[in-house]
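The chain contents come next:
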Amino acid sequence: MTPVPGPAEFADHTDDHHHADVSGGWLRAGVFGAMDGLVTNIALVAGVGGGGADRQTIILTGMAGLVAGAFSMALGEFASVDTQNDAVANEVRVERDEIRRHPHAEQAEQAELTEMYVEMGLSRETAEAVSREVSADPELAVKVHITQELGVDPDDQPSPWTAAISSFVAFSIGGIFPIVTYLLGYSSLALALGVGAVGLFIAGALTSRFTTRSWWLSGLRQLLFGAIAAGATYVVGMLIGVGVGG
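Owing to the predicted nature of the structure, the values given are computational and were not obtained by experimental measurement.

## Quick notes on a nonpolar patch on the surface
Nonpolar side chains collect at one region of the surface, where V67, F71, L75, W161, I165, F168, V169 and I173 lie side by side and expose about 810 Å² of accessible area between them. Here the nonpolar patch takes 5 residues from helix α7 (residues 160-176), the largest share from any one element. Overall, L75 belongs to the exposed group, its relative accessible area being 60%.

## Some points on the packing of helix α2 (residues 26-50) against helix α3 (residues 55-101)
Close contact between α2 and α3 brings their axes to 9 Å; oriented N to C, the two are set at 150°. When the axis of α2 is compared with that of α3, the two are roughly antiparallel. Remark: the crossing between α2 and α3 carries right-handed chirality. Residue-level contacts link R28, A29, F32, G33, D36, N41, L44, V45, V48 and G49 of α2 to I58, T61, G62, G65, L66, M73, E77 and V81 of α3. Of the residues in the contact of α2 with α3, the class split is 9 nonpolar, 6 polar and 3 charged.

## What to know about the packing of α3 against α7
Taken N-terminus to C-terminus, the directions of α3 and α7 make an angle of 160°; their axes are 8 Å apart at the nearest point. Relative to α7, the element α3 is oriented roughly antiparallel. Both α3 and α7 take part in a crossing whose hand is right-handed. Taken together, the residues that form the contact of α3 with α7 break down as 15 nonpolar, 6 polar and 2 charged.

## Section: the nonpolar core
Grouped together as the largest cluster of nonpolar side chains are 12 residues: V88, V92, I99, L113, M116, Y117, A127, V134, A141, V142, V144 and I146. Elements with a contribution of two residues or more to this core: α3, α4 (106-120), α5 (124-135) and α6 (138-150). With 4 residues, the top contributor of residues to this core is α6. Excluding its chain neighbours within four sequence positions, the residues that come into contact with V92 are V142, I146 and P154.

## Focus on the pattern of salt bridges
Counted according to the given criterion, the structure contains 5 salt bridges. With its nearest N and O atoms 3.4 Å apart, the salt bridge here joins R93 to D97. Placement of both R93 and D97 in helix α3 is noted, with a separation of 4 residues, approximately one turn of the helix. Taking the shortest distance from any N to any O, the salt bridge between D155 and K143 comes out at 3.2 Å. Separated by 12 residues along the polypeptide, D155 in the loop between α6 and α7 and K143 in helix α6 bring together distant segments of the chain. Residues joined in a network through salt bridges with shared partners are K143, D153 and D155.

## Describing the side chain of S167
Turning to its location among the elements, S167 is positioned in helix α7. S167 sits in the buried class, given a relative accessible area of 0%.

## Brief notes about the environment of F168
With respect to the element layout, F168 can be found in helix α7. F168 sits in the partly exposed class, given a relative accessible area of 30%. Here the alpha-carbon distance between F168 and A74, two residues 94 residues apart in the chain, equals 5.1 Å. Non-local contacts of F168, meaning those with residues more than four positions away in its chain, are made with A70, F71 and A74.

About the criteria used
- Each chain has its residues counted from 1, running along the sequence as written.
- Given that the model is predicted, a residue must reach a pLDDT of at least 70 before its local features are reported, and side-chain atom pairs must reach 80 or more before they are shown or counted; all residues, however, enter totals for whole chains, interfaces and linings.
- By convention in this description, side-chain values take in all heavy atoms of the structure and omit both hydrogens and water.
- By definition, no residue in a patch forms a salt bridge, and every one has over 30% relative accessible area; like charges are joined within 9 Å, nonpolar side chains (Val, Leu, Ile, Met, Phe, Trp, Tyr) within 5 Å.
- Per-residue and other accessible areas were derived by the Shrake-Rupley procedure at a 1.4 Å probe size, with only the shown protein chains allowed to occlude residues.
- Salt bridge, as applied in this entry: a Lys or Arg side-chain nitrogen positioned within 4 Å of an Asp or Glu carboxyl oxygen.
- The helix count covers DSSP runs of H or I at least four residues long, the strand count covers runs of E at least two residues long, and both are numbered beginning at the N terminus.
- Residue burial is assigned from relative accessible area. The probe radius is 1.4 Å, only protein chains are included, and a residue is buried under 20% of its type maximum, exposed over 50%, and partly exposed in between.
- Axis lines are fitted through C-alpha atoms, for helices just across the contact stretch, and the angle between N-to-C directions can take any value from 0 to 180 degrees.
- The cut-offs work like this: below 35 degrees is roughly parallel, past 145 is roughly antiparallel, 65 to 115 is roughly perpendicular, and the gaps in between are oblique.
- Definitions for this section: a left-handed crossing has its near helix turned counterclockwise from the far helix by less than a right angle. A right-handed crossing has that turn clockwise.
- Contacts: residue pairs with any heavy atoms within 4.5 Å of one another.
- For this classification, Asp, Glu, Lys and Arg are treated as charged, while Ala, Val, Leu, Ile, Met, Phe, Trp, Tyr, Cys and Pro are nonpolar and the rest, including Gly, are polar.
- The term nonpolar core refers to a set of buried residues drawn from Ala, Val, Leu, Ile, Met, Phe, Trp, Tyr and Cys, joined through side-chain atoms within 4.5 Å.

Remember that the coordinates give geometry; whether it matters functionally is a separate question.
This is the structure we're talking about:
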């Protein structure tokens, strides 16, 4: 017979058991920022390099793209997360007002909660018992309704500042990869794109820590995305560069 773990064993398990941040905080913003920084600047370098630009022009283009993109990503993330949090707060207010205006609708609220729990897999008897207890506390009822209907926890919303800073830093790190060889004095476009490709693969592989996808598949997928963007801008730069030169 398998022994039942005691309080000490349970505490040890909970201390070691952690989930990744998948609620839209630093992880999403950081991953998106790093990928965008890499792809954006690889594409910029490929485009101006394909057009025949010299080393100084490529550095200027890359640094301008890095700074502009980092601020754009950070401000966009802040506005996006802040707006999402405001929308959730508004839904909480609407739900709370609805319960306050219609206190006689307790049975209907309980029936709605019961169906939610039944759909989640609880027996009807258990679902009815839980819904009665939840409905007895108006604030708990509001939280449960919002969590079940919107799929978010109103008491655990991501920070817009965390998202903005994560995005800014990650974009800057990603954006420096394609121009680092030029900053070190080299003038080879192929070398710069090669370093950028390595950065893409590494960034993609690192994301596999938070997913079920293998590291090599994640790396190759991101490398493919970057190659498509770089190839397209290289062709455009080459065509425009030839046209301007002529």
